[in-house]
Amino acid sequence: DGGITQSPKYLFRKEGQNVTLSCEQNLNHDAMYWYRQDPGQGLRLIYYSQIVNDFQKGDIAEGYSVSREKKESFPLTVTSAQKNPTAFYLCAVAPFGEQFFGPGTRLTVL
Amino acid sequence: AQSVTQLDSQVPVFEEAPVELRCNYSSSVSVYLFWYVQYPNQGLQLLLKYLSGSTLVKGINGFEAEFNKSQTSFHLRKPSVHISDTAEYFCAVRSRGQGAQKLVFGQGTRLTINP
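The following refers to the structure shown. Every chain's residues receive numbers from 1 upward, in the order its sequence appears when written. Each chain is given a letter, starting from A, and each ligand a number, starting from 1, according to the order in which they appear as written. Per-residue local features are limited, in this predicted model, to residues with pLDDT of at least 70; the limit for side-chain atom pairs, both in listing and counting, is 80 or more; totals at the level of whole chains, interfaces and linings are taken over all residues. To get the side-chain values, all heavy atoms of the structure are used, and hydrogens and water are removed first.

1. Re the overall build of chain B
Keep this limit in mind: Helix and strand assignments come from DSSP, with helices taken as H or I runs of at least 4 residues and strands as E runs of at least 2, each series counted from the N terminus. Taken over C-alpha atoms, the radius of gyration is set against a globule rule of 2.2 Å times the number of residues to the power 0.38.
Scanning chain B for helices and strands turns up 0 helices and 12 strands. The linear arrangement of helices and strands in chain B, starting from the amino end, is β-β-β-β-β-β-β-β-β-β-β-β. At 14 Å, chain B has a C-alpha radius of gyration in line with the 13 Å of a compact globule built from 115 residues. The principal-axis extents of the C-alpha atoms in chain B amount to approximately 45 × 30 × 20 Å.

Structure (structure tokens):
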């Protein structure tokens, strides 16, 4: 973190609702990533973006959507089509090969 | 494509004892290698990385790792652990090629330090 902000830290959602997770960075890096973390499964890539107005699906994009209208922002929407949305979501930026992570958002579906 | 296997899901160790967390990878191309640490309810923090050069890499908090190309391993070690090292540790790889810098992560190893 330190330059990567994710909000909110905790988020509760009712089934059938869409919800948007925020990721903002002031590091001036082009590449940004969204991961999902579940216990015992490591991190799985949802979407990534290498430049403004362009993004690519990762390994588990179904039920998610993103936008990249500004270099510093890469919001993730968890739609009602995502069947198991309860998880810890991590945003990352990648300046030179390694990735730097935000503090994460824990989403719970009630 | 790459894959990463962390051979131990949990490692309990007594304080001040040495520890080794094992990581093996599979890739058809040359890779960069990383170790990250995650404390409860926080993001991941980079511990160390291997990009090129010396195969013994030193990182933060007294950790080091050795890249072994023939055994496709990148094990993490610390000679004497502290209670504060209790966390989850992730090994990751990415290809050296141009283009998307996608990381592939292992499933994590939970390190527990007992007094």
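2. Quick notes on the interface of chain B and chain A
Operational definition: Any two residues whose heavy atoms approach within 4.5 Å at even a single point are treated as in contact. Accessible surface is computed with a 1.4 Å probe, and the buried area is the amount of it that two parts give up when combined, taken over both parts together. By salt bridge we mean one thing: a side-chain nitrogen of Lys or Arg within 4 Å of a carboxyl oxygen of Asp or Glu. Lys, Arg, Asp and Glu make up the charged group, whereas Ala, Val, Leu, Ile, Met, Phe, Trp, Tyr, Cys and Pro make up the nonpolar group; the residues left over, Gly among them, are polar.
Chain B puts 19 residues into the contact, and the matching count from chain A is 23 residues. Overall, the association of chain B and chain A removes approximately 1700 Å² of surface from exposure, summing both partners, and the carbon and sulfur fraction of that is 50%. In terms of surface lost to chain A, no three residues of chain B exceed B:Asn41, B:Gln101 and B:Lys102, which account for 32% of the buried area on that side. Our count for the contact surface shared by chain B and chain A stands at 1 salt bridge. Listed by contribution, the elements that provide at least two residues to the side of chain B that touches chain A are β5 (31-38), β6 (44-50) and β10 (87-95) of chain B. Classifying every residue of the side of chain B that touches chain A gives 8 nonpolar, 8 polar and 3 charged.

3. A word on the state of the cysteines
One way to say it: the disulfide is the covalent bond shared by the sulfur atoms of two cysteines. Here is the rule: Disulfides are defined as pairs of cysteine sulfur atoms found within 2.5 Å of each other.
For the structure on display, the rule yields 2 disulfides over all chains. A:Cys23 shares a disulfide with A:Cys91; S-S distance 1.9 Å. Handedness here is read from the sign of the S-S torsion; for A:Cys23 and A:Cys91, about -70°, the answer is left-handed. One end of the pair, A:Cys23, is in strand β3 (residues 19-25); the other, A:Cys91, is in strand β9 (residues 87-93), and 68 residues separate them in sequence. Put simply, B:Cys23 and B:Cys91 are joined by a disulfide, and their sulfur atoms are 2.0 Å apart.

4. Things to note about the side chain of B:Glu88
All names here are of chain B. This is how it is decided: For every residue, the accessible area obtained with a 1.4 Å probe (protein chains only) is divided by the maximum for its type, and the residue is called buried under 20%, exposed over 50%, and partly exposed between those limits. Here a polar contact is taken to be a pair of N or O atoms separated by no more than 3.5 Å, where protein atoms must pair a possible hydrogen donor with a possible acceptor and residues adjacent in sequence count only if both atoms sit in side chains.
With respect to the helices and strands, the residue Glu88 is situated in strand β10. Overall, the relative accessible area of 12% leaves Glu88 in the buried class. In this structure the side chain of Glu88 is engaged in a polar contact, spanning 3.0 Å, whose partner is the side chain of Arg110. Leave out the neighbours within four places in its chain, and Glu88 touches Tyr36, Val37, Gln38, Gln107, Gly108, Thr109 and Arg110.

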